[in-house]
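# Topology and contacts: notes
Now for the letters of each chain:
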Amino acid sequence: MNSIDLIILNFNEVRRRSIKVWTSIPEEKLSWKPDSEAMSCLEMVRHILESEHYYHLAIKNRGSLSVFDSPFENRPFTTVEAELEFAEPYRKQFMETIQSFSESDLESIKIDRSESGYIRDLGDMLLRVAYHESVHTGQLLDYLRSAGIPRIRIWD
């Protein structure tokens, strides 16, 4: 297994576990949030999916976007399933882009996000994208604990 295959495996495992958490949130708790400043459960799911699309475009652009017209913006919040269905074509495109990279691209391609404080190799950036989803899925597990909702087992 090469590095690209491992990165794709990691993305798929992170998403599989995220979906387990996301789909375990009771419908009546999708708009729950721990305080008025926080995202709701469903807003967090959308944030993860929308951010992945942004990161995909930034990777293709080799840096941050000066303008991001999000296809997720202004969509009504309904269900986790609707969010996943809407995001699926963007996810597929992202995975195809990752598959198109070579081993040497992981080190030679630089992603310039200087305005966010970093310039990283492509390989590092891809791992950061998966980590972003992991962190927010962990936050959702904490949301569930705080809301008194049983948490699904993700360590299978």
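Not measured: the values here are computed from a predicted model.

## Digging into the overall build of the protein
- Scanning the protein from N- to C-terminus turns up 5 helices and 2 strands.
- Walking the protein from its N terminus toward its C terminus, one meets helices and strands in the order α-α-α-α-β-β-α.
- Rg of the C-alpha trace for the protein: 16 Å, near the compact-globule value of 15 Å for 156 residues, within the 12% margin.
- Its C-alpha atoms give the protein principal-axis dimensions of roughly 45 × 35 × 30 Å.
- Within the span of the protein, comprising 156 residues, buried residues form 42% of the whole.
- Summing over all exposed atoms, the protein offers an accessible surface of approximately 8600 Å²; the carbon and sulfur share of this is 51%.
- Of the charged side chains in the protein, 19 are positive and 26 negative, and the gap between their average positions amounts to 4 Å.

## Some details on a nonpolar patch on the surface
- A surface patch of nonpolar side chains, about 330 Å² in accessible area, is lined by Met1, Leu6 and Leu9.
- Tracing the backbone through its elements, the reader meets leucine 9 in helix α1 (residues 3-24).

## A word on the pairing of strand β2 (residues 118-121)
- Relative to β2, strand β1 (residues 110-113) runs antiparallel, the two sharing 4 bridges. If you follow lysine 110 over to β2, its bridge partner there is aspartate 121.

## Topic: the nonpolar core
- Of all hydrophobic cores here, the largest spans 22 residues; its most connected members are Phe11, Ile59, Phe94, Ile98, Leu122 and Leu126.
- Taken together, the elements giving at least two residues each to this core come down to α1, α2 (41-61), α3 (80-100) and α5 (122-146).
- When near neighbours in sequence (up to four residues on either side) are disregarded, phenylalanine 11 contacts Glu52, Arg91, Phe94, Met95, Ile98, Leu126, Val129 and Ala130.
- Residues Ile25, Leu30, Cys41 and Leu144 belong to the second largest nonpolar core, which totals 21 residues.

## So, the pattern of salt bridges
- For the structure on display, the rule yields 14 salt bridges.
- Residue arginine 120 pairs with aspartate 124 through a salt bridge whose shortest N-O separation is 3.6 Å.
- For arginine 120, a relative accessible area of 28% gives the class partly exposed.

## Description of the confidence of the model for the protein
- Of the residues in the protein, 100% have a pLDDT of 70 or more, and the chain-wide mean is 96.
- By mean pLDDT, β2 is the weakest element of the protein at 94, and α3 is the strongest at 98.

## Some thoughts on unusual backbone geometry
- One non-glycine residue, arginine 62, lies in the positive phi region at around 65 degrees.
- Inspection of the secondary structure assignment puts arginine 62 in the loop between α2 and α3.
- Its identity is not glycine, yet asparagine 74 carries a phi of approximately 70 degrees, on the positive side.
- By the secondary structure assignment, asparagine 74 is in the loop between α2 and α3.

Reading guide: rules and limits
- Residues numbered from 1 in each chain as written.
- Predicted model: local features only at pLDDT ≥ 70, side-chain atom pairs only at ≥ 80, totals over all residues.
- Heavy atoms only, no water.
- Helix = DSSP H or I, 4+ residues; strand = E, 2+ residues; numbered from the N terminus.
- Rg over C-alpha atoms; globule rule 2.2 N^0.38 Å.
- Buried < 20%, exposed > 50% of the residue type's maximum accessible area, 1.4 Å probe, protein only.
- Areas by Shrake-Rupley, 256 points an atom, 1.4 Å probe, with all protein chains shown as cover.
- Lys, Arg positive; Asp, Glu negative; His and termini not counted.
- Charge placed at Lys NZ, Arg CZ, Asp CG, Glu CD.
- Patch = residues over 30% accessible without salt bridge, like charges linked within 9 Å, V, L, I, M, F, W, Y side chains within 5 Å.
- Salt bridge = Lys/Arg side-chain N within 4 Å of Asp/Glu carboxyl O.
- Pairing = 2+ DSSP bridges.
- Core = buried A, V, L, I, M, F, W, Y, C linked by side-chain atoms within 4.5 Å.
- Contact = heavy atoms within 4.5 Å.
- pLDDT = per-residue confidence, 0-100.

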